[in-house]
Amino acid sequence: MRYGVIGTGAIGGFYGSKLAKAGKEMHFLFHRDYEYVCEHGLQVDSCDGDFHLDNVRAYAQTSDMPQCDVVLVCLKSVNNHLLASLLPPLLRPDTVVVLIQNGIGVEADVQKMFPQLRLAAGLAFICSAKTEPGRVLHQCYGSINLANYSCGDTDVLGTVLADLQEAGVVAHLVEYHEARWKKAVWNMPFNGMTVALNTSTDKLLSNPHTRRLIREQMMEVVNAARHMGVHNIDEAFADLMITTTDAMVPYSPSMKLDYDFHRPMEIDYLYSRPIKEARDAGFDMPKLAMLEAELRFLSGQ
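Analysis parameters
Residues numbered from 1 in each chain as written. Predicted model: local features only at pLDDT ≥ 70, side-chain atom pairs only at ≥ 80, totals over all residues. Heavy atoms only, no water. Helix = DSSP H or I, 4+ residues; strand = E, 2+ residues; numbered from the N terminus. Rg over C-alpha atoms; globule rule 2.2 N^0.38 Å. Buried < 20%, exposed > 50% of the residue type's maximum accessible area, 1.4 Å probe, protein only. Contact = heavy atoms within 4.5 Å. Areas by Shrake-Rupley, 256 points an atom, 1.4 Å probe, with all protein chains shown as cover. Lys, Arg positive; Asp, Glu negative; His and termini not counted. Charge placed at Lys NZ, Arg CZ, Asp CG, Glu CD. Core = buried A, V, L, I, M, F, W, Y, C linked by side-chain atoms within 4.5 Å. Phe/Tyr/Trp six-rings, centres within 6.5 Å; stacked < 30°, edge-to-face > 60°. Lys NZ or Arg CZ within 6 Å of the ring centre and 35° of its normal.

## Examining the overall build of the protein
Item 1. Within the protein, the regular secondary structure consists of 12 helices and 10 strands.
Item 2. Its C-alpha radius of gyration of 19 Å places the protein within 12% of the 19 Å reference for a compact globule of 301 residues.
Item 3. With respect to the principal axes defined by its C-alpha atoms, the protein has extents near 50 × 35 × 35 Å.
Item 4. By residue count, 54% of the 301 residues in the protein fall in the buried class.
Item 5. Pairs at least 24 residues apart make up 70% of the contacts formed inside the protein by residues separated by at least 6 positions.
Item 6. A total accessible area of about 13200 Å² is found for the protein, and carbon and sulfur atoms account for 51% of it.
Item 7. The distance from the centre of the 27 positive side-chain charges to the centre of the 36 negative ones in the protein is 2 Å.

Shown next as C-alpha cells:
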C-alpha cells in the first residue's frame, strides 16, 4: 500500500510518521519546511515515546509525487481550494482519499470538485501541534476513526485500519454522519471558546461558569445531530467529552493556534456549515451561532 500525505503538519506529520516508522511506504508533501526535512529528517516528540525519521520521502509539489493507493489530506479546510491542483497527480481511478479535517461538509464539497473520487473521513482525537520546522509535538491521545463517504466497498479502509493499528494507533471504522457530528461535539465549543476568551481547555473547564457554558454548547451539537437523524449520540457522550478533556494536558486547539499565529480560522466548516445544516433541518444552535459571530469579528470578516 502506497500512501501520500498532503499537509504534513501536526496531524499529517504524526499519523504519517507513525505509518512510516511501521515500514509503510509514505510520501509527504511539505510546504515551508521542505528543505529542512530533506536535510534533517522529521522528529516526533510524543507522550508515547519520541522517534525520528531519518530518510523522509519529502516533496515540495505533488507533481513530483507518485500515484498512491491512499492519500491522507491533512490540510486545514481553509486551503481545500488548493486540492483542485494538488490531488490529481496522486490519483489513480481506485485511489482512496481520506480527509483528516475538522468540520461538517468537507467531503460533500470535495466530492463536487472530484465527482468520481473515492472519499472517506478521518476523525482524529489527538492533542498535537507543529510549531517549528520538522518537529511534531504529540501531547496526548492519538486515536482516529475512519468513516466511508463514497468508497463503495470498505476493503481498502480495512487495510488502512490494519496499517494504523500495526503502527500503534488506536483506530476504528465508524458510521460517517455519527463520526462527523461526534467530533463536532468537542470541536465547536473548545476551538471557538479558547479563541474568544484567549485561554486553554483546562481553564475553560476549571471555571464553573465556562464549564457549564461548554456543556450547554455541546448539548446544542448533540441535539442538532439527533434532530437530523444521527444515532448513538446523547447527553452521556457530551459528559464523556468533558471528562476526557479534564484528563488532557492543558491544550490550545488548532483554531487557537491559527488565531495566535495570524492564520485564517476554520470558521466555515467548524461553525457556519453545521449551524446552517441544523437550521435548515429546523433546529437552532443559538449559543454556537453567537460564538460564530464573535469569531467572525475577531477574524475581521
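## Focus on the nonpolar core
Item 1. Core analysis: the biggest nonpolar cluster contains 39 residues, and W181, M218 and Y271 have the highest contact counts within it.
Item 2. Every element with two or more residues in this core is listed here: α6 (176-196), α7 (201-206), α8 (208-227), α9 (235-246), α11 (267-280) and α12 (286-298).
Item 3. Examining the composition of this core, we find that 8 residues originate from one element, α6, more than from any other.
Item 4. With 36 residues, the next largest nonpolar core counts M26, F51, A124 and C151 among its residues.

## A short note on unusual backbone geometry
Item 1. The phi torsion at Y141 lies on the positive side, around 55°, for a residue other than glycine.
Item 2. Using a relative accessible area of 35% as the deciding quantity, one classes Y141 as partly exposed.
Item 3. The backbone of N232 sits at a positive phi, close to 60°, despite the residue not being glycine.

## Regarding the packing of aromatic side chains
Item 1. Within this structure, the stated rule accounts for 4 aromatic pairs.
Item 2. Geometrically, the ring pair formed by F14 and Y15 is edge-to-face, given 5.1 Å between the ring centres and 75° between the ring planes. The exposure classification of F14 matches that of Y15, with both residues buried.
Item 3. Ring plane angle 40° and centroid distance 6.1 Å describe the contact between F28 and F30, whose orientation is recorded as tilted. The same class applies to F28 as to F30, namely buried.
Item 4. Seen from the ring of F51, K21 lies directly overhead, with NZ or CZ sitting 5.4 Å from the centre.
Item 5. In this structure, K183 packs its charged tip against the face of F125, placed 5.8 Å from the ring centre.

## Notes on the environment of M218
Item 1. For M218, the position within the fold is in helix α8.
Item 2. Placed 24 residues apart in sequence, M218 and I242 show a C-alpha to C-alpha distance of 9.2 Å.
Item 3. In this structure, M218 is in contact with V185, W186, P189, F190, A238, M241 and I242, ignoring residues within four places of it in sequence.

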